[in-house]
Each structure stands twice: as structure tokens, then as C-alpha cells.
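Structure assessment
The chain contents come next:
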Amino acid sequence: MQFAGVDLLLWAIGLLGHVVLLLVLCFRRRAAHFQVFTTLIATNVIRTIALYFTFRLGTRHAYFVTYWSLAILDVALQLAVVYEMASHVFRPLGTWSRDVHRGFLWLIGGSITVASLLTWMAAPAAHSLKEVVVIRGSFFSAALMSELFVGMVAFSVIAGLPWKTHVARISQGLGAYSIVCILIEAGHSYSIITPGIPTYVLLSHIRMAVYLVCITYWIVMLWRNAPRPKDLPDEMRRQLSLLQSRVAYDLYRIRSWRG
Amino acid sequence: MDTRTFDFAIVLACFLVSLLAIGGYYYFHARKVAKDEWSNLLSRLILLDRNKIEIVALEQSGTDLDPARVLELIGGLDGLKALNANCDVLIDLACHCQRWYPEALLVAEQLRINAREIKWHLTRLEGAARMGNLGSAFADYAQRVAAIYQLMTQHLLALYEQTNLPELAELQRVI
């Protein structure tokens, strides 16, 4: 099999974008803070190369198996990125705040339920069970991801927890891409899956183009430094430690009133 | 287009509009709070009679206050809602401080947790009001809310004293 012009262009730009983003993550020392996100990007570099050679040298069936196996890995890593972003936002002191833990579990449960209902309602124009699973699976993951990101933004505002600059930028990119993917995957559900059919191919190209915009956004935003915090003098640090002891005592009193 | 496809299109459109509306609302709300000036945050504070709140907070530790007396001192559910609104402002003020000194995160987090606890108490009170059981519930919860609010106020003032922010005098004047 051979790449057509637009496919080859999107593949080349995609590979270049992922490599540049990976370099930015490593050289700007973001990788240590965002280990799962860095793994996702590194996996995408390998995935892009693997799919290129499978497409050129392998059979159509081999490409299908490779593509969807790696797509499942990609979705799993994206969900892990959601967890990583949630950890940065909802664990300000290193452990889950006790007032947000239950709410976050409700958010996950609600998102899965709504995404499942939407997926159940879709009636893909597919020829086989394999195609139905592929189309419904893609739609479900897009709906779930977008719900989780929007839910996290809403929940963080309700809980009063701020987003750090780079966490917000990564989440915005992935969230916006997921919302666009809902439309793309809904379109896929009602177009014929056979490669070469204009609607299906056009939608795939749009999705890839949106993802390239997303990668560019990440490259720029992760290259920039977050606003620099001011350093606390040692004396002030000691005083804050004393203040915290007082707060802990106050909380002990508050809890005793509940009894 | 068959019926099922049409239904799916309608539900999908509603879902996307809801998603964008919720995401947009909270995203811009978060941006607004992050960019708020000190004076804007202060202007959101609702004036409260701190003396009455202190009476409730001090007396709650052991004595049995008459629910009607507590209700009067705090100003009923409206008074509690004002406390709740002020708690949101206190958190935003703490975040303002946190932007300059991230080490203040610990104290700001405790303030946030206290405010969330007040919201929980308010929810219980509103539930009691719906069940027509406000009188007895008020004495149980309102005293705790007032006490927590007083503690939060002390924490915030202490926080600003520690970080030597110039807005301290203005803050003390308002709360």
C-alpha cells in the first residue's frame, strides 16, 4: 500500500510535531512533572513510525490490527493523562483532598454512564461486528474524554482549586480535541467505513488537522515558562509552619463538635 | 434520515451544547477569579455583624443556646447564605496571596476545606428548612458554621500578617 499526497503530508507533520513536542518536554524539564503525558507523546512517535511501515510493507489486515491495537493503547494513556492532570489539581497537598475524592468518583461514574448511553443510541452504518465495535469504541472514548475534562474544570471551580499553568494548557488541548472528536466520530458512525469513501476520509483528515493544531498549541505553551513564584524568606516559612499548627488544632476542635 | 438517527442527532446536539455551556461557564468563571483585582474581590464581601457571630461562636462550645436566639443573631438562612458567599471571597483572597507565595498553599487549602464544610452545613440546613424542621436544625448547625467562619477569618488575617502583604489593613477594615 502507498500513501496519497494529503495522507503523507499529515503523517510527516504529525511525526515532526510529536518529536518537537517530546524534545520540548525533555529539554524544558516538563517530563518529570508530566510523566504520563510524556509517555503518551513518546508512544505516539513510535506509533506513527510503526503505522507507516506497517502500511507500506504489511497487509491491510496487519495494518488494521496494528492501528486499533495502538489506538486502544492511546485511549488508555489518554485516560491516564486525565488522572495525572486530576492529581495535579485535586491533590494540592500530595493526597486527595477529602472533600473532592467522592465528587471525583461521581464525576467518573456519571461520565461513563452518559457516554455509554450516547454510544448505545448511535446506529453506525457498519458492515460487520468488527466495524461496529471500532466505531462505537471511538465514539465512546471521545465522549468520555470530553466529559471528564469539562467535568474536571467545573468541579475544580466548585471545589475552589486552581489550575497550574501547564496543567491547564495540556488539559485544554486534550479537552478541545476530544470535543471535536465527538463530532468526527458521530460523522464516522453515519458514513460508510470503507477507506476511500470521501466523507470518511475527509472526517479523518479534519481530525488529524485538529490534532496537529493541538500539538502546536502544546509545543508553544509548554515551551513558555509558567509565571515565576516569589521565594519565601526562612523567617516567613517558619511563621507559616507555626500558623499551620494552629490551623490543625482548630480543625481538631471543629471535628470534635460533630460528635 | 430514520427516526433513530434523528433522535441521536438531537440528543448529540443537546449533549454538545450542554458540554460547551458548562465548560465555557466554569472556564470563564475561573479566568475571571484568577484575574480579579484585589479591590474587586473585596467589593464582593457582604457586610456582617462580626460581634453577633462571635457571640454565637464563643457560646457554642458548651452552653445550650436557644435556637431562636441563634437564628436572630445570624440572621436566618439569609445570614448563613451571606456567610457562605463571604467564604468564597475568603478563599479567593487566600488564592490571591497564594499567587505571590505558593508556600501559603497549606493554609489556603485549610481555608478552602473549611468553606466547603460550611457549604455542607448550609445544605443540611436548607434540607431541614424544606422538611419544616429548621428550628432544631439551626441550633445544631448554625453555631458550627459561625465558629468555622470566625476561625477562617482569623486564619486569613494571620496569613496576611505572615506574608506582609500591603492589603492587610484594608482586609482588617472590611472583615
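Residues numbered from 1 in each chain as written. Chains lettered and ligands numbered in written order. Predicted model: local features only at pLDDT ≥ 70, side-chain atom pairs only at ≥ 80, totals over all residues. Heavy atoms only, no water.

**Section: the overall build of chain A**
For clarity, the cut-off: Strands here mean DSSP runs of E at least two residues long; helices mean DSSP runs of H or I at least four residues long; both are numbered from the N terminus. Only protein chains enter the calculation, and the probe is 1.4 Å; a residue is then buried if its accessible area is under 20% of its type maximum, exposed if over 50%, and partly exposed in between. Between two residues, a contact is recorded if the distance between any of their heavy atoms is within 4.5 Å. Values of accessible area rely on a 1.4 Å probe in the Shrake-Rupley scheme; residue burial ignores everything except the protein chains shown.
Summing up its helical and strand segments, chain A has 8 helices and 0 strands in all. What you see in chain A, going N to C, is helices and strands ordered as α-α-α-α-α-α-α-α. The proportion of buried residues among the 259 residues of chain A is 44%. Pairs at least 24 residues apart make up 74% of the contacts formed inside chain A by residues separated by at least 6 positions. In the form shown here, chain A has an accessible surface area of approximately 13400 Å², with 68% of it arising from carbon and sulfur atoms.

**Digging into the confidence of the model for chain B**
We count it as follows: Confidence scores per residue from the predictor, reported as pLDDT, run from 0 to 100.
Scored by pLDDT, chain B comes out at a mean of 70, with 44% of its residues at no less than 70. When mean pLDDT is taken per element in chain B, helix α1 (residues 3–35) of chain B scores highest with 86 and helix α8 (residues 168–174) of chain B scores lowest with 57.

**Things to note about the side chain of Ser-111 of chain A**
All names here are of chain A. Formally: Here a polar contact is taken to be a pair of N or O atoms separated by no more than 3.5 Å, where protein atoms must pair a possible hydrogen donor with a possible acceptor and residues adjacent in sequence count only if both atoms sit in side chains.
Within the secondary structure layout, Ser-111 lies in helix α4 (residues 101–121). The class for Ser-111 is buried, based on a relative accessible area of 3%. One polar contact links the side chain of Ser-111 to the main-chain carbonyl oxygen of Leu-107, over a distance of 2.7 Å. Here Ser-111 is in contact with Leu-144, Glu-147 and Leu-148, once residues within four sequence places are set aside.

**Thoughts on the environment of Val-89 of chain A**
Residue and element names in this part refer to chain A. By secondary structure assignment, the location of Val-89 is in helix α3 (residues 60–90). Distance in space between the C-alpha atoms of Val-89 and Leu-161 is 6.6 Å, their sequence separation being 72 residues. Contact partners of Val-89, with chain neighbours within four places excluded, come to Ser-156, Leu-161, Pro-162, Trp-163 and Val-167.

**Structural notes on the packing of α3 of chain A against helix α6 (residues 165–189) of chain A**
All names here are of chain A. Basically, it comes down to this: Fitting a line to C-alpha atoms yields each axis, with helices limited to the stretch in contact; the angle taken between N-to-C directions then spans 0 to 180 degrees. Left-handed describes a crossing whose near helix is turned anticlockwise from the far helix through less than a right angle; right-handed describes the clockwise counterpart. Side-chain classes follow a simple rule in which Ala, Val, Leu, Ile, Met, Phe, Trp, Tyr, Cys and Pro form the nonpolar group, Asp, Glu, Lys and Arg form the charged group, and the remainder, Gly included, forms the polar group.
Remark: α3 packs on α6, axes separated minimally by 10 Å, with the N-to-C direction vectors making an angle of 145°. Every pair of crossing elements has a handedness; the one defined by α3 and α6 is left-handed. Residues Gln-78, Val-81, Met-85, His-88 and Val-89 of α3 pack against Val-167, Ile-170, Ser-171 and Leu-174 of α6. In terms of residue class, the contact of α3 with α6 is built from 6 nonpolar, 3 polar and no charged.

**Considering the nonpolar core**
Rules: Nine residue types can take part in a nonpolar core, namely buried Ala, Val, Leu, Ile, Met, Phe, Trp, Tyr and Cys, and a core is a set of them joined through side-chain atoms within 4.5 Å.
Leu-21, Phe-37, Phe-90 and Trp-218 of chain A are the most contacted members of the largest nonpolar core, which has 53 residues in total. Elements supplying a minimum of two residues to this core: α1 (5–27), α2 (35–57), α3, α4, α5 (129–159), α6 and α7 (198–223) of chain A together with α1 of chain B. Per element, the largest residue contribution to this core is 11 residues, and it comes from α5 of chain A. Excluding anything up to four places from it in sequence, Leu-21 of chain A contacts Phe-37, Ile-41, Ile-215, Trp-218, Ile-219 and Leu-222 of chain A.

**Side note on unusual backbone geometry**
Residues and elements named next belong to chain A. In this model, Arg-29 sits at a positive phi of 60°, which is unusual for a non-glycine residue. As for its placement among the helices and strands, Arg-29 is situated in the loop between α1 and α2. For Arg-29, a relative accessible area of 70% translates into the label exposed.

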